[in-house]
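A look at the structure
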Amino acid sequence: MAFSKNFLWGGAIAAHQAEGAHLEDGKGLCTCDVMHGGKGRFAEIQKPDVMRKNIAAQDGYFPEHIAIDFYHHYKEDIALFAEMGFKTFRTSISWARIFPNGDDAQPNEQGLAFYDSLFDELLKYGIEPLITLSHWEMPINLTKKYNGWVSRQLIPLFERYVKTVFARYKGKVKYWLTFNEINVTLHVPFLGSGVLIDDPADKDTMAYTACHNQLVASALAVKACHEMLPDAKIGSMVAAITSYPYTSHPDDNWGKMKLERKNYFLTDVQARGKYPEWTKQYFASQNINIGMTAEDEKILRENTVDFVSFSYYASSATCTYHDPAAKVETIAGNLIGGVKNPYLKSSEWGWQIDPMGLRIVLNFLYDRYEKPLFIVENGLGAKDVVTANGEINDDYRINYLRAHIKSMKAAVEDDGVELLGYTPWGCIDIISASTGEMSKRYGFIYVDRDDEGNGTLKRSRKKSFFWYKGVIASNGENLN
Ligand code: BG6
């Protein structure tokens with residue numbers, strides 16, 4: 001048998017993409033509450049003037065305000081996760097539910113009580129909560145006052161939030177993640193850090209500074225976890241990107257290496273306790289001052305993560321560095337796209353499907369960090385059709401997941417990778433992060449809601465629901 005009997009099979013969501021109830025029970029407005037839906041979402045959030053308007057008044061449709069109303073449906077949803085046999089369930093705590101403005105004197109008791117009952121409900125079924133401390137739910141007041149994570153003032157505010165939830169959920173939560181996809185800020189700064197950039201010339205300095213402040217906050221969360229919750233484990237989280245040199249030209253391979261270094265250097269800091277040497281040269285050459293102090297260096301060095309978690313959806317080829325003028329077809333991907341790989345097929349959203357890429361990334365990360373890994377996101381965003389008799393026959397999703405689980409199995413069984421668990425993304429349909437669409441569905445459970453916010457919110461089991469139940473019951477042996 002490839003997987004140990006303690007292998008954590010489950011599913012994952014994030015608070016803002018599921019909960020809704022965006023101003024209920026004292027919650028404050030957060031980063032994702034001020035993003036419109038639609039394919040232009042990421043373009044919109046890079047425009048500071050538009051975002052300032054959205055922050056001041058939310059005109060129009062904002063998908064996360066209601067999302068799938070998990071806030072009121074969680075008992076029903078958790079019963080369905082239990083029916084599938086989940087051993088773990090990943091979600092996040094919305095920072096703005098606990099400290100509505102981020103800098104309030106006292107935490108919001110109603111917010112704390114909500115997560116108490118959510119965790120109790122999971123534990124009732126023996127489902128281990130896996131909790132992300134920050135998944136793009138920063139209180140928007142912190143953008144208004146400090147321009148988000150570009151300010152060091154967020155470090156103590158985050159630390160206070162983290163210590164509040166550690167003290168409250170001690171004994172209930174044993175697996176924690178600090179920042180979701182820590183590398184996102186380098187690509188979409190407002191999403192990852194609540195930072196608005198007025199002058200594009202400042203982008204690099206501001207994004208790297210925001211990342212540095214998050215790294216320090218992440219290390220302080222690790223420190224607090226180890227001190228306050230000795231039985232718990234805390235990990236990092238990165239958007240993993242498998243990339244291939246477009247040709248065998250050495251310059252293309254060098255381009256791939258540079259891309260990977262940039263993608264993983266934040267995880268390097270979280271797992272190894274220091275910035276890689278090349279970043280020092282890079283920051284100096286680009287005139288980037290991230291504001292590192294001697295105290296920061298000590299905090300980073302002394303507080304490395306217990307495990308490394310990641311999302312993996314797709315891969316891409318890197319650019320033709322040896323010939324910048326070459327005509328190549330580009331494709332989308334999670335956060336960053338790349339060059340189309342002629343050997344791979346793409347999803348309806350243009351993300352290239354590559355199960356072998358998962359085996360490659362598992363080996364790459366295990367070789368690099370020698371720490372246990374956790375796949376906390378993987379899946380296929382696709383449009384589902386409900387048949388006249390109410391069935392959802394999502395064989396395409398089953399095929400995607402089967403192929404990826406086979407790769408994961410090979411990495412564990414044949415390559416010796418230590419893997420803690422697997423939580424496919426959007427185990428129940430939720431709002432898409434990149435587009436705000438509901439029609440980009442990942443779930444085993446269908447939710448009746450459309451891209452304009454219409455629908456009954458009724459939950460139904462898809463064909464993949466029964467398939468995944470069989471996978472878990474057989475501990476990954478039965479993939480048919
Ligand atoms: C990851 C995020 O980037 O990918 C999730 O951590 C997100 O929040 C997921 O939902 C899938 O992306 P999308 O854009 O299809 O929702």
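Position numbers for residues start from 1 in each chain and track the written sequence from start to end. With the structure being a predicted model, the display of local features is reserved for residues of pLDDT at least 70 and the display and counting of side-chain atom pairs for 80 or more, all residues being used for whole-chain, interface and lining totals. Computation of side-chain values covers all heavy atoms of the structure but excludes hydrogens and water.

**Quick word on the pairing of strand S13 (residues 373-377)**
Threshold: Categorising residues by exposure relies on relative accessible area from a 1.4 Å probe, with only protein chains included: less than 20% of the type maximum marks a residue as buried, more than 50% marks it as exposed, and the intermediate range marks it as partly exposed. By definition, any uninterrupted DSSP run of H or I lasting at least four residues is a helix, any uninterrupted run of E lasting at least two residues is a strand, and each is numbered from the N terminus. Any two strands with at least two DSSP-identified bridges between them are counted as paired.
A large share of S13 lies buried, amounting to five of its five residues. Of the strand pairs in this sheet, strand S7 (residues 307-311) and S13 are connected by four bridges, and their pairing is parallel. The residue of S13 that forms the bridge with serine 309 is phenylalanine 374. In this sheet, strand S14 (residues 419-422) lies alongside S13 in parallel orientation, the contact comprising two bridges. Bridging across to S14, isoleucine 375 finds its partner in tyrosine 422.

**A look at the site of the ligand**
Where we set the bar: Near residues are defined by distance, with any heavy atom within 4 Å of the molecule or strand qualifying the residue. Think of a polar contact as two N or O atoms within 3.5 Å of one another; within protein, one of them needs to be a possible hydrogen donor and the other a possible acceptor, and neighboring residues in sequence only count if both atoms come from side chains. Residue-level accessible areas treat just the shown protein chains as cover; the underlying method is Shrake-Rupley with a 1.4 Å probe. Gly is put with the polar residues, along with every residue not named as nonpolar or charged; the nonpolar set is Ala, Val, Leu, Ile, Met, Phe, Trp, Tyr, Cys and Pro, and the charged set is Asp, Glu, Lys and Arg.
Taken together, 15 residues surround the ligand, and among them Glu181, Glu377, Ser434, Lys440 and Tyr442 come closest. Within the contact set of the ligand, an oxygen atom lies 2.9 Å away from a side-chain nitrogen or oxygen of asparagine 180. A distance of 2.5 Å separates an oxygen atom of the ligand from a polar side-chain atom of serine 434. For the ligand, the accessible surface in isolation is 370 Å², of which the surrounding protein chains cover 99%. Of the residues that constitute the shell around the ligand, the class distribution is six nonpolar, six polar and three charged.

**Looking at the sheet that holds strand S2 (residues 88-92)**
Sheets are built from strands that pair by backbone hydrogen bonding, the pairs being arranged parallel or antiparallel. The following threshold applies: Lines are fitted to the C-alpha atoms to define the axes, a helix being fitted only along its stretch in contact, and any angle between axes, read from their N-to-C directions, falls within 0 to 180 degrees.
With parallel pairing, eight strands are arranged side by side around a closed barrel as S1-S2-S3-S4-S5-S7-S13-S14. When the angles between neighbouring strand axes are averaged without regard to direction, this sheet yields 30 degrees.

**Let's talk about the environment of histidine 212**
Our working rule: Every residue pair with non-hydrogen atoms within 4.5 Å of one another is taken to be in contact.
Within the secondary structure, histidine 212 sits in helix H10 (residues 203-228). The contacts of histidine 212, once residues within four sequence positions are left out, are Arg152, Tyr275, Ile290, Gly291, Met292, Asp296 and Leu300. Of the polar contacts made by the side chain of histidine 212, one reaches the side chain of aspartate 296; its length is 2.9 Å.

**Notes on the packing of aromatic side chains**
The test is simple: We call Phe, Tyr and Trp rings a pair once their centres come within 6.5 Å, taking the six-membered ring for Trp, and we label the pair stacked below 30 degrees between planes, edge-to-face above 60, and tilted otherwise. Look at NZ for Lys and CZ for Arg. If either is within 6 Å of the ring centre and within 35 degrees of the ring normal, a charge sits over the ring.
Scanning the model with the defined rule gives 38 aromatic pairs in all. Taking the centre distance of 6.1 Å and the plane angle of 50 degrees together, the rings of phenylalanine 70 and phenylalanine 89 count as tilted. With phenylalanine 70 in helix H4 (residues 70-84) and phenylalanine 89 in strand S2, this residue pair connects regions lying 19 residues apart in the sequence. For phenylalanine 70, a relative accessible area of 1% puts it in the buried group. On the basis of relative accessibility, which here comes to 0%, the residue phenylalanine 89 falls in the buried class. Judged by centre distance (4.4 Å) and plane angle (10 degrees), the rings of phenylalanine 444 and tyrosine 468 are stacked. Placement of phenylalanine 444 in the loop between S14 and strand S15 (445-447) and of tyrosine 468 in helix H16 (residues 463-473) is noted, with a sequence separation of 24 residues between them. Lying over the aromatic face of phenylalanine 114, arginine 97 brings its terminal NZ or CZ to 5.6 Å of the ring centre.

**With respect to the pattern of salt bridges**
The condition is simple: Take a side-chain nitrogen of Lys or Arg and a carboxyl oxygen of Asp or Glu: if they are within 4 Å of each other, that pair is a salt bridge.
Applying the stated criterion across every chain yields a total of 31 salt bridges. As a salt-bridge pair, arginine 168 and aspartate 116 come within 2.7 Å of each other at their nearest N and O atoms. Pair noted here: arginine 168 is in helix H8 (residues 154-169) and aspartate 116 is in helix H6 (residues 109-124), with a separation of 52 residues, a long-range link. The class for aspartate 116 is buried, based on a relative accessible area of 13%. Each of Asp384, Asp394, Arg397, Asp429, Arg441 and Lys462 takes part in a single network of salt bridges with overlapping partners.

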